[in-house]
2 protein chains.
Amino acid sequence: MTRTRQAVLALLQRTRQPISATEIFEQLHQEKVAIDLVTVYRTVHVLKELGLVLQLDLHQEGLARYELKEGREHHHHIRCQICGQIEDLLLCPLKKVTKLIEQRTQFIVDDHTLEFTGLCPQCQ
Amino acid sequence: MTRTRQAVLALLQRTRQPISATEIFEQLHQEKVAIDLVTVYRTVHVLKELGLVLQLDLHQEGLARYELKEGREHHHHIRCQICGQIEDLLLCPLKKVTKLIEQRTQFIVDDHTLEFTGLCPQCQ
DNA sequence: ATGTTATTTGCAATAAACTTGCAATAAGGA
DNA sequence: TCCTTATTGCAAGTTTATTGCAAATAACAT
Ligand SMILES: [Mn+2]
Ligand SMILES: [Mn+2]
Ligand SMILES: [Zn+2]
Ligand SMILES: [Zn+2]
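Because the structure is a prediction, the values reported are computed rather than measured. (Residues numbered from 1 in each chain as written. Chains lettered and ligands numbered in written order. Predicted model: local features only at pLDDT ≥ 70, side-chain atom pairs only at ≥ 80, totals over all residues. Heavy atoms only, no water.)

Undergrad: Just checking my understanding: could you explain the domain arrangement of chain A for this structure?
TA: Often, the extent of an interface is quoted as the loss of accessible area upon association of its parts. Residue and element names in this part refer to chain A. For chain A, the domain assignment lists domain 1 (1–72) and domain 2 (73–124). Averaged C-alpha coordinates put domain 1 and domain 2 at centres separated by 23 Å. In this assembly, eleven residues from domain 1 lie in contact with ten residues from domain 2. Summing the contributions of domain 1 and of domain 2, the shared interface buries around 860 Å²; its carbon and sulfur component is 52%. (Domains from an automatic or database assignment. Contact = heavy atoms within 4.5 Å. Buried area = accessible area lost by both parts, 1.4 Å probe.)

Undergrad: Got a minute to help me understand helix H3 (residues 37–49) of chain B in this structure?
TA: An α-helical turn contains 3.6 residues, so any two residues separated by three or four positions project in the same direction. Residues and elements named next belong to chain B. With 13 residues, H3 should reach 18 Å at 1.5 Å per residue; the first-to-last C-alpha distance of 19 Å fits that figure. Residues of H3 that are buried sit in contact with helix H1 (3–14), helix H2 (21–30), strand S2 (53–56) and strand S3 (65–68). At the N-terminal end of H3, a side-chain oxygen is found 2.9 Å from the backbone nitrogen of Val38, two or three residues along, and the residue is Asp36. (Helix = DSSP H or I, 4+ residues; strand = E, 2+ residues; numbered from the N terminus. Expected span 1.5 Å × (residues − 1). Polar contact = N/O pair within 3.5 Å; in protein donor to acceptor, adjacent residues only side chain to side chain.)

Undergrad: I would appreciate a short explanation of the coordination of the manganese ion (ligand 2) in the present structure.
TA: Six octahedral donors around a metal ideally make angles of 90 or 180 degrees; four tetrahedral donors ideally make 109.5 degrees. Residues and elements named next belong to chain B. Around the manganese ion (ligand 2), the donor atoms from the protein are Glu67 (OE), Glu67 (OE), His75 (NE2), His77 (NE2) and Asp88 (OD), and they sit 2.1 to 2.3 Å away. Along the chain, the residues donating to the manganese ion (ligand 2) fall in the pattern E-x7-H-x1-H-x10-D. In this pair, Glu67 is assigned in strand S3 and His77 in strand S4 (residues 76–80), connecting sequence segments ten residues apart. For the pair Glu67 and His77, a shared accessibility class is recorded, and that class is buried. (Donors = N, O, S within 2.8 Å, 3.2 Å for Na, K, Ca; no water. Buried < 20%, exposed > 50% of the residue type's maximum accessible area, 1.4 Å probe, protein only.)

Undergrad: What's the story with the coordination of the zinc ion (ligand 3) in this structure? I'm lost.
TA: Residues and elements named next belong to chain A. At this site the zinc ion (ligand 3) is bound by His74 (NE2), His76 (NE2), Cys92 (SG) and His112 (NE2), with donor distances of 1.9 to 2.3 Å. Coordination geometry of the zinc ion (ligand 3): the four donor atoms subtend angles of 99 to 120° at the metal centre, consistent with an arrangement described as tetrahedral. In the primary structure, the donors to the zinc ion (ligand 3) are separated according to the pattern H-x1-H-x15-C-x19-H. Residue His74 is classed as partly exposed on the basis of its relative accessible area, which comes to 42%. The exposure class assigned to His76 is buried, which follows from its relative accessible area of 4%. (Tetrahedral: all angles 85-135°; square planar, octahedral: opposite > 155°, others 65-115°.)

Undergrad: I'm lost on the interface of chain A and chain B in this one. Help?
TA: Taken together, the 37 residues of chain A in the interface contact 37 residues of chain B. When the buried surface of chain A facing chain B is broken down by residue, Phe107, Thr113 and Phe116 of chain A rank first, second and third, together holding 21% of it. Scanning the region where chain A abuts chain B turns up zero salt bridges. Residues that form the side of chain A that touches chain B fall into these classes: 18 nonpolar, twelve polar and seven charged. Sheet topology places strand S6 (residues 108–119) of chain A next to strand S6 (residues 108–119) of chain B; eleven bridges connect them, and they run antiparallel. Each residue of the ladder has a partner; that of Leu114 of chain A, found in S6 of chain B, is Leu114 of chain B. (Salt bridge = Lys/Arg side-chain N within 4 Å of Asp/Glu carboxyl O. Nonpolar A, V, L, I, M, F, W, Y, C, P; charged D, E, K, R; others polar. Pairing = 2+ DSSP bridges.)

Undergrad: Is there a simple way to explain the packing of H1 of chain B against H3 of chain B in this structure?
TA: Each packed pair of helices is defined by two parameters, the angle between the axes and the distance between the axes. Residues and elements named next belong to chain B. Two elements in contact, H1 and H3, have axes whose closest approach is 10 Å; the angle formed by their N-to-C orientations is 70°. Taken as axis vectors, H1 and H3 run roughly perpendicular relative to one another. Residues Thr4, Arg5, Val8, Leu9 and Leu12 of H1 touch H3, and the partners they reach there are Thr39, Thr43, Val44, Val46 and Leu47. Looking at the contact of H1 with H3, its residues break down into six nonpolar, three polar and one charged. (Axes fitted to C-alpha atoms, helices over the stretch in contact; angles between N-to-C directions. Parallel < 35°, antiparallel > 145°, perpendicular 65-115°, else oblique.)

The following block contains the structure:
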């Protein structure tokens, strides 16, 4: 854990929203932390492997976002189409559906992704 | 409807799987249809606007796939992690969940994406 | 503390998917 | 046919992310 990596981790801790590599880069530069964008990519990769960070690939965004794992269970997200705010949905309604799909398709289901989009209270 | 566009549409009709722009390009070239990759991108864009084609952005693929709409209702997909086969799931289990999420989050839910991954019968 | 080794970082270059500008070509209507 | 508009190909550009490599830093042993 170098101080560069700690700076990234600390930023993830104080950021309530899932954040992209470029946003990490720009935010740290604003805080006068010198870090290369490549190092940001490599750092989030390491933090993912350590199980400290989750990568989110939200639909239609075309970039990856990262959030602290912090013992979070499997969960999903909803994103506001106007302001981009992302909120955790601490539920998963797909256990029964998974069984049904396995019966219908003869696949063995391993995983799923689920994401909602809409308008947050402020943007309505 | 030029013959270039008809060639793309005809390929989508005879292809059972959602297919990417590069795959359309390569397949048509194998069939001796001269077409530029840029034209493929522009053509699927037009076909989408005409409501003939659906664009799929499957998780972890990093590219767009296209399938004929053909009066298909809103539906979801399951993809085999080994061979890449994609199958339609002609169901949507999220109507009730959507209401619950609107209550919990105060968002107005507009849309969602749902996708399963696993092993197809042949790859198990 | 010093030297030795392994890890981390920055810079430059590269990759992949997709988009845009623009001139050449093809289509369609008078 | 002629003229206008839409379509296409080529080149170049964008965006997000990855890779090679040498320099800097950290970790470790003496
Ligand atoms: Mn989350
Ligand atoms: Mn489908
Ligand atoms: Zn789930
Ligand atoms: Zn649905």
